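# Secondary and tertiary structure notes
So the chains spell out like this:
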Amino acid sequence: MKSGPDRRTFLSGSAAALAAAALSSAQQREIRTAIIGVGVRGSSLLRQVMEQANVKVAAICDTDPTALDAAMTAAASHNPRSFTDYRRVLDLNDVEAAYIATPCDLHTPMSIAALEAGKYVYCEKPLGVTPEQVQLAWNAARKAGTFLQIGQQLRYMPGIREAIRQVHEQRVIGQPFVIKAQRHSTPPLPGKERKRPAWYLDVKRSGDLIVENAVHNLDVCNWIAGSLPVSAYGHGKKYLPKPEPAGTAFMDGFSVMYVYENDVEL
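Residues numbered from 1 in each chain as written. Predicted model: local features only at pLDDT ≥ 70, side-chain atom pairs only at ≥ 80, totals over all residues. Heavy atoms only, no water.

### Let's talk about the overall build of the protein chain
Using the following cut-off: Working definition: helices are DSSP H or I runs of at least four residues, strands are E runs of at least two. Numbering for both runs from the N terminus. Each residue gets one of three labels from its accessible area relative to the maximum for its type: buried under 20%, exposed over 50%, partly exposed in between, using a 1.4 Å probe on protein chains only. Any pair of residues with heavy atoms lying within 4.5 Å of one another is described as a contacting pair. Per-residue and other accessible areas follow the Shrake-Rupley method at a 1.4 Å probe size, with only the shown protein chains counted as cover for residues.
Along its length, the protein chain carries 12 helices and 9 strands. Taking all 266 residues of the protein chain together, the buried fraction comes to 43%. Of the contacts formed within the protein chain by residues at least 6 apart in sequence, a portion of 66% connects residues at least 24 apart. A total of about 14900 Å² of accessible surface is found on the protein chain, and carbon and sulfur atoms cover 55% of it.

### Focus: helix α6 (residues 107-116)
Think of an α-helix as 3.6 residues a turn; residues three or four steps apart then line up on the same face. α6 sits mainly inside the fold: 7 of its 10 residues count as buried. Buried within α6 are the following residues: His107, Thr108, Met110, Ser111, Ile112, Ala114 and Leu115. Contact partners of the buried residues in α6: β1 (31-36), α5 (86-90), β4 (97-100), β5 (120-123), α7 (131-143) and β6 (148-150).

### Quick word on the sheet that holds β4
Heads up, the rule is: Each pair of strands is called paired provided DSSP finds at least two bridges between the two strands. Here the axes come from fitting lines to C-alpha atoms, over the contacting stretch only for helices, and the angles between their N-to-C directions go from 0 to 180 degrees.
Pairing is parallel in the open sheet, where 6 strands are placed in the order β3-β2-β1-β4-β5-β6. Every other strand in the sheet has two partners, leaving β3 (81-83) and β6 as the edge strands with one partner each. Direction aside, the axes of adjacent strands within the sheet are offset by 20° on average. Sheet topology note: the β1/strand β2 (residues 55-61) ladder contains 6 bridges and is parallel. The partner of Ile36 across the bridge, within β2, is Cys61.

As structure tokens, this is what we get:
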């Protein structure tokens, strides 16, 4: 999903703004944040956080020295401190909010650690790559005295919000009982391919295509249904350049049917 005004609006309501909301409205003071993970998504978050009023990027963390150097240069006007160990960032008493944009399998442990350290947390999607991970993070968020926000950005797009409001409130289509959804990506032009990091292609770290990418679309389907799936049946694989079974390589196609708690089918 490309960055734009809608995403900036989303970010203004995320971890930094949630931290600000906990302060006295009469006291406009600087909110100090940390960015953990400054790859493609984290670098975008960094730029947009720096555009927010009364917010300062106090720390940047990444294990990749090249990415860390680039982010430190981009945030030079905020004079942040640099780290390679996220735990040292969470030990900083003057950092109130943390943005987490690391590989998917690290989202859960980092979010839990940040919440337990008393930070407000914006974590990129997905919250975890297994149901067990998501449950652990959910439990930690419920216990925390701060807030956890997940990067399900379609929730903040005005067109989608209005369409679903009409489905829910005006019943323009009646009571939904079947949802049919598709997600298509256009292959890049030869020579224009974006190099994906190793963790992205490792299905145990990314959760595969359906978790790393289609989680946005599935979230909207859950929203429309007003429910959550209780069972799923499907198949998929990496079809090109030669077939490889699911679970061994990042899929490029899949088809799934979900049955929801309220009997809606997707």
